[in-house]
Amino acid sequence: MEFMSVLIQQVIIMFLLMLIGVLLFRFKKLTVQGSKELGHVLVYVIMPGVVINAYMTEFSMERLRGLLLSFLFSALALILAMVISAVIFKKHPIENFGTAFSNAGFMGIPIVQAVLGTEAVFYVSAFVALLNLLQWTYGVFVITKDKRQISAKKILTNPILISMVVGIILFLIPVDIPHVISGTTSLIAGMNAPVAMISIGTYLAQTKLSQLFCDKAAWASAFVRLIVIPALTLALLTAVPENYDTLKLAILIVAATPVGSNVAIFAQIHNKDYTQAVKSICLSTVCSLFSIPLVMWAADLLWRV
């Protein structure tokens, strides 16, 4: 019960932060261009800081085994999501991309950190890194149907992937990191939740609620993203050894988060239906206020047995 209480409170905090983004945009204190620039700060500074900060922890064989398990089950969970999305939304690239890839970084990590602690971020960063890698490869192909759009340079220079490699090196090779560095990284990591949710709030502010709640495609995407995929991921994670409960919960939380904001970014870059992408993001984000606690309640019932 205490876990569920903390989870619900954190989800509400996420939405209050998102509301700030809505108000800032509506009162013209934050523009579309400003929102894009916030996104750049998130991708190139804050998210790498979150990942590196999570790996700044004492090495142990137990944590190493957990890290390897997190890579394995994160990969399986993402493959599961991509297959389900491809089957259901084969002819709809925006819904296919958006449903396959959750908002694990911008929304998932802040919730995981608040509910389960920094150690859980250590495990779930594998999910975020793999998700980003798949978005820049499989995801680009889904959107464009053009293999030439997949760039090895973009994959290898992905800031999340680079920060994860740096973080793992710091974890495996004990280094006495000066407080000036670790303190700075910790402060940057702490910016993730407010900046990410304010940025998402600007997307919501650009969408008319009357259009948002009447869009059948957005509802279908939200249902699969928030209910179907988390339910099957929950079943998959029952195979994780019992002594890795934190790992299981962390992966389930990020797998249960709404449509990731990157679908709008990729749609805009490749001249696809940007408006439809924004609708999917906003509707699923609003619905996740109820669906994430529901999924975690189901996990609590199942994993207690």
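Right above here is the structure, for reference.
Residues numbered from 1 in each chain as written. Predicted model: local features only at pLDDT ≥ 70, side-chain atom pairs only at ≥ 80, totals over all residues. Heavy atoms only, no water.

(A) A look at helix H9 (residues 179–189). When H9 is considered as a whole, its buried residues turn out to be Gly183, Thr185 and Ala189. Down the axis, H9 shows its buried residues gathered within 160 degrees of arc, on one side only. Turned more than 90 degrees away from the buried face of H9, the exposed residues are Val180 and Leu187. Those residues of H9 hidden inside the fold are in contact with helix H2 (32–55) and helix H10 (192–205). (Buried < 20%, exposed > 50% of the residue type's maximum accessible area, 1.4 Å probe, protein only. Helix = DSSP H or I, 4+ residues; strand = E, 2+ residues; numbered from the N terminus. Arc of directions from axis to C-beta. Contact = heavy atoms within 4.5 Å.)

(B) Highlighting the packing of aromatic side chains. Enumeration over the complete set of coordinates arrives at seven aromatic pairs. Here Phe59 and Phe171 contribute two aromatic rings whose centre-to-centre distance is 5.1 Å and whose plane-to-plane angle is 50 degrees, an arrangement assigned as tilted. Of this pair, Phe59 sits in the loop between H2 and helix H3 (61–88) while Phe171 is found in helix H8 (residues 159–172), placing the two residues 112 residues apart along the sequence. Taking 6.4 Å as the distance between ring centres and 45 degrees as the angle between the ring planes, the aromatic pair formed by Phe213 and Trp219 counts as tilted. One cation-aromatic arrangement involves Lys248 over Trp303; the distance from NZ or CZ to the ring centre is 4.4 Å. (Phe/Tyr/Trp six-rings, centres within 6.5 Å; stacked < 30°, edge-to-face > 60°. Lys NZ or Arg CZ within 6 Å of the ring centre and 35° of its normal.)

(C) How the structure looks around a nonpolar patch on the surface. On the surface, Phe59, Met61, Val165, Ile169, Leu172, Ile173 and Val175 cluster together into a nonpolar patch covering about 610 Å² of accessible area. Of the residues forming the nonpolar patch, the biggest block, three residues, is contributed by H8. Checked against the element boundaries, Leu172 lands in helix H8. (Patch = residues over 30% accessible without salt bridge, like charges linked within 9 Å, V, L, I, M, F, W, Y side chains within 5 Å. Areas by Shrake-Rupley, 256 points an atom, 1.4 Å probe, with all protein chains shown as cover. Salt bridge = Lys/Arg side-chain N within 4 Å of Asp/Glu carboxyl O.)

(D) Structural detail: helix H6 (residues 118–144). For H6, built from 27 residues, the straight-helix expectation of 39 Å at 1.5 Å per residue is met to within 8% by its first-to-last C-alpha distance of 37 Å. Gln135 marks the point of greatest bend in H6, at about 40 degrees. In terms of burial, H6 is a largely internal element, 20 of the 27 residues being buried. The positive-phi residue at the C-terminal boundary of H6 is Lys145, with phi of around 60 degrees. (Expected span 1.5 Å × (residues − 1). Bend = angle between axes of the 7 residues up to and from the residue.)

(E) Broad picture of the pattern of salt bridges. Per the stated rule, a full pass over the model turns up three salt bridges. A salt bridge links Arg65 to Glu62, with the nearest nitrogen and oxygen atoms 3.2 Å apart. Pair noted here: Arg65 and Glu62 are both in helix H3, with a separation of three residues, about one helical turn. Across the salt bridge formed by Asp215 and Lys279, the nearest N and O atoms sit 3.4 Å from each other. Pair noted here: Asp215 is in the loop between helix H11 (209–212) and helix H12 (216–237) and Lys279 is in helix H15 (residues 274–304), with a separation of 64 residues, a long-range link. Residue Lys279 is classed as buried on the basis of its relative accessible area, which comes to 13%.

(F) Spatial organisation of the nonpolar core. Formed by 91 residues in total, the largest nonpolar core has its most connected members in Leu7, Tyr55, Ile111, Val112, Phe127 and Met296. For this core, the element with the highest residue contribution is H6, accounting for 13 residues. (Core = buried A, V, L, I, M, F, W, Y, C linked by side-chain atoms within 4.5 Å.)

(G) Just the environment of Ile84, in detail. Tracing the backbone shows Ile84 in helix H3. It is 9.6 Å that separates the C-alpha atoms of Ile84 and Arg225, two residues lying 141 residues apart in sequence. Excluding residues within four positions of it along the chain, Ile84 makes contact with Val224, Val228, Ile229 and Leu232.

(H) Structural view of the state of the cysteines. Counted according to the given criterion, the structure contains zero disulfides. Take Cys287: it sits in no disulfide, and the sulfur closest to it among the cysteines is that of Cys282, at 11 Å. For Cys287, a relative accessible area of 19% translates into the label buried. (Disulfide = S-S within 2.5 Å.)

(I) Region of interest: the packing of H2 against H6. At a minimum axis separation of 8 Å, H2 and H6 run at an interaxial angle of 125 degrees. Here H2 lies oblique to H6, going by the angle between them. Judged by the sense of rotation from one axis to the other, the crossing of H2 with H6 is left-handed. The residues of H6 that touch H2, namely those facing Met47, Val50, Val51, Asn53, Ala54 and Tyr55, are Thr118, Val121, Phe122, Ser125, Ala126 and Val128. Along the lines of polarity and charge, the residues of the contact of H2 with H6 split into nine nonpolar, three polar and no charged. (Axes fitted to C-alpha atoms, helices over the stretch in contact; angles between N-to-C directions. Parallel < 35°, antiparallel > 145°, perpendicular 65-115°, else oblique. Left-handed = near helix turned anticlockwise from the far one by under 90°. Nonpolar A, V, L, I, M, F, W, Y, C, P; charged D, E, K, R; others polar.)

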